[in-house]
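Residue strings, one per chain:
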Amino acid sequence: MTTPSSEALRAADTATTATGLRTADDSGLVATPYPEPRLSWSLASDRPGVLQHAYEIQVAAGRSFTGAVSSGEVESDVVTDQPWPAAPLRSREVRHWRVRVRTDVGWTAWSKPARVEAALLDDMDWTARPVHVPSDRGRTSPGPVPLLRREFDLPAEPVSARLYVTSLGVHRTAVNGRPVSDDLLEPGWTSYPNRLLYATYDVTGLLSPGRNALSAAVGDGWYRGHLTWHKNRDVYGDTSALLAQLEVTLADGSTVTVATDDQWRGGYGDLFAADLYDGCERDLRHEPHGWRLAGFDDRAWERAAASPLPAGLTQRAHPPVRVVQVVRPEVRTLPDGTIAVDAGENITGWLRLRAGGPAGSTLTVRHAEVLDGDGRLLTSILRGARATDRYTLSGGGAELEPEFTFHGFRYAEIEASPGVTVERVEVAVVASDLRRIGEFHCSDERVNALYANVVRSQRGNFLAVPTDCPQRDERLGWTGDIMAFAPTACATFDSRSFLDSWLTDLAIEQRADGAVPLVIPDVDLGELPPMELPFAGTAAGWGDAATVVPTALFEAYGHRSLLGRHYPAMRAWVEFTADRLDEDGTWSGNAQLGDWLDPAAPPEDPARATTDSAYVATVFVAHSARLLADAARELGHADDADRYGELHRRTAEAAWRKWGDHARTTQTGCALALEFGVVPAAERVAVGEALAALVRAHDGRIATGFLGTPFVLPALTGTGHLAEAYRLLLNTECPGWLYQVERGATTMWERWDAIRPDGSIDTEKAGTMLSFNHYAYGAVAAWLYRSVAGLRAAAPGYRVIEIAPRPGSTLTSARAAIATPYGTASVAWSVDGGTLTVHADLPPGTTGRFLPPEGWESAQPLMDLGSGRHRLRLHA
């Protein structure tokens, strides 16, 4: 970083402002769970070449900043994850903060202030206790959804009101009949015995002087609903419950607190059942009209029973699940009267209906991702998930949609009893509401369709936790899937707080010896279909999510504190694997999943890949050791950096010594060796050529599974075999990415050949492990961003940006944009004859470097880039 002149230290930078002030809390809630929130901002400027050299933060009780606490002048060129400079927040406390920065020109003006409010930071702040309906305790099968309510008086106008609320199960809470938010399936899914999230809502506008009512329905959710293909119930408890604490400040200065206790009343209503896998059953004839409003007669309802405060209460810091899109589907009536619905794309969510009919008439909605040979729903691959919503009408018209469930589907069928009319059908798309930050487009519409499929699969599977699939009786936080997909996830949606939360549960669930369970949150998997083989509960490539995901988050968002928070889990996993190395330095023990779903593996045994699973396990040990060494170096742990750097070297040498000849024979073997630093430098060129030759020998068909696929295109590109990389990308034969597109895929498939070339679906050999919405193979999008468009982070958080487009094959243009922590960075290139034109836009506070593609010469000197817009022309 250049040193500013003495004049710059005194001058003002009137062209630059600090903007976008934010904390590490992305929840969108009124409060934060962090007593010392980490602070970030961005820069906006009318001039190019802007660099931050220092900053000053002020924190004060009021917006006038009288008596503010200052950080003083802090030398830093980083705009993310800066420490809180004041005393820690106390529960409910409100502070304001602002920042100014010193650039290469001088000091900016102070930013507009940002408000921060603390949530309940200590268990002592809770007077509420979880309450449940006594008759609901111990239920071992899906049944009616409990309803809970309490009325109270406010003697004066409310001027401020906060509702702190969560549940054992999933809740829908209202004040005076109005929902407190549009959040769904709250509080999501965490390691419930150790960490239960709550939300803080500003409900001031929902209250009024006089009589008021606070109410909630509490569904089973993940807490006690069905989980895994064994359809286990009551995994976390046999009773759902509500925990709510409403704190109201009145205009006369008095306060009123309404907390869940044994004064609440509980009963049941029109929700006869609601299960994540099976769906929702609702009978509108049993709706207790007005139960959410003051004045409802609940004397026949049971008095609620209270239980102790749960452990690990903390406010959610990541975005909630919401309806993120509404789609108008194609609707037609089949000859038998069934209404067939086609959403046009594979989605996660449900149908919204407007229907009418006589009392007692019914509508049944079933869901599936694909159709069978007769054009009807193929539901066998849902396994034990019924994925069915059923409604009984009370007479007249009604707006219908399910609660406390979700479905993965493109197609649905509505069966209605005589006399029922369906007036409107909509598709509600549901996901964790992460901010979209990445875009990609190129001249080949097939590749654009592939990219759109990747985006849909991430959206559909980032629901409370990063799941493997949203449709069958699984929907679990498989570690191997997110390990493969994390770099793509972090470039497409702002996944920082979402994956930070999931990693928090990973550390909680990590075993004492450092082993990482196959799924997070950890639930008993028993035997794994379709192999029916017991596993040791962890596997290479899956457990490596402990190192790969924090690394991907740090590279994408630059939060060093996040890296430090997850460093112990990273270290524990690497120590676990190191302890299991044989005398020859390789990992041959433990049942491994290996290069799962290698297209050459038998359909009934997807772990039997062409690449030796012990080789795969050993090189992942080396890979994680290197990632850990890099993290240690970043965090200032010099001894660990040396120790794990040496572990990487030893393990890489052992793997190559034992399997070097074998690794050259498979795409996964070569790709992992090249990308994980396993290949000796003297042999790197030869192994790169071996990989390229394998691609050519397979006529451009992919030959990798879950663990090899993320690395094969980068390995080809990194060894100068761009033509073979494009050949893999653009291949339309099975197996291949564009084969799926050619077969009409709108999301990524679990198996490369989920639909065979003749259009049939192999449910005999593949069994029921056949998902059409699995994001792992969508890892290809990281290569689209980084190599096809040429936009990648060269320093954490995109503080330095590498512009390195790699035109190839038949593509004539490509562009990508990513909303980085500094602002939006973009690159666009086009080829016209023998001229390559590149446009790059770097946000203020960043620098860049341009790496021209091989075979192109620049008409102007190539140089490092400052922030602002750049146009480069090169000639073949």
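Our structure is the block above this text.
Quick summary incoming for the structure in this document. (Residues numbered from 1 in each chain as written. Predicted model: local features only at pLDDT ≥ 70, side-chain atom pairs only at ≥ 80, totals over all residues. Heavy atoms only, no water.)

## Some thoughts on the overall build of the protein
Thinking step 1. If you tally the helices and strands in the protein, you get 15 helices and 42 strands.
Thinking step 2. A compact globule built from 876 residues would reach a C-alpha radius of gyration of about 29 Å, and the protein, at 28 Å, matches this within 12%.
Thinking step 3. Considering only C-alpha atoms, the protein reaches an extent of 80 × 75 × 55 Å along its principal axes.
Thinking step 4. The buried share among the 876 residues of the protein stands at 61%.
Thinking step 5. Counting contacts in the protein only where the partners sit at least 6 residues apart, residues at least 24 apart contribute 75% of the total.
Thinking step 6. Of the accessible surface of the protein, which amounts to about 30800 Å², a share of 48% is contributed by carbon and sulfur atoms.
Thinking step 7. On the protein, the mean spot of the 84 positive side-chain charges and the mean spot of the 111 negative ones are 4 Å from each other. (Helix = DSSP H or I, 4+ residues; strand = E, 2+ residues; numbered from the N terminus. Rg over C-alpha atoms; globule rule 2.2 N^0.38 Å. Buried < 20%, exposed > 50% of the residue type's maximum accessible area, 1.4 Å probe, protein only. Contact = heavy atoms within 4.5 Å. Areas by Shrake-Rupley, 256 points an atom, 1.4 Å probe, with all protein chains shown as cover. Lys, Arg positive; Asp, Glu negative; His and termini not counted. Charge placed at Lys NZ, Arg CZ, Asp CG, Glu CD.)

## Details of the sheet that holds strand β12 (residues 178-179)
Thinking step 1. The sheet built from six strands is open, its strands ordered β12-β11-β14-β9-β17-β20 with antiparallel pairing. The open sheet terminates on both sides in strands that have one partner only, identified here as β12 and β20 (302-303).
Thinking step 2. Relative to β20, strand β17 (residues 265-268) is paired through two bridges, and the arrangement is antiparallel. Looking at the pairing, G266 lines up with E302 of β20. (Pairing = 2+ DSSP bridges.)

## Details of the packing of aromatic side chains
Thinking step 1. According to the stated counting rule, one finds 27 aromatic pairs in the structure shown.
Thinking step 2. Relative to W783, the ring of Y726 has its centre 5.5 Å away and its plane inclined at 65 degrees; by these criteria the two rings are edge-to-face. One end of the pair, Y726, is in helix α13 (residues 722-730); the other, W783, is in helix α15 (residues 780-789), with 57 residues separating them in the sequence.
Thinking step 3. We classify W783 as buried; its relative accessible area is 3%.
Thinking step 4. By the ring-pair criterion, three or more aromatic residues cluster together here, those being F462, F485, F498 and Y775.
Thinking step 5. Over the ring of F493 we find R436, and its NZ or CZ is 5.8 Å from the ring centre.
Thinking step 6. The ring of F406 carries the charged tip of R475 above its face, separated from the ring centre by 4.9 Å. (Phe/Tyr/Trp six-rings, centres within 6.5 Å; stacked < 30°, edge-to-face > 60°. Lys NZ or Arg CZ within 6 Å of the ring centre and 35° of its normal.)

## Here's the deal with helix α5 (residues 496-509)
In an α-helix, one turn spans 3.6 residues; hence positions three or four apart end up facing the same way.
Thinking step 1. Compared with an ideal rise of 1.5 Å per residue, which puts 14 residues at 20 Å, α5 spans 20 Å between its outermost C-alpha atoms and is within 8% of the ideal.
Thinking step 2. The buried fraction of α5 amounts to eleven of the 14 residues, a majority that puts the element mostly inside the structure.
Thinking step 3. Every buried residue of α5 is listed here: R496, S497, F498, L499, D500, S501, W502, L503, D505, L506 and E509. (Expected span 1.5 Å × (residues − 1).)

None of this, on its own, says anything about what the molecule does.
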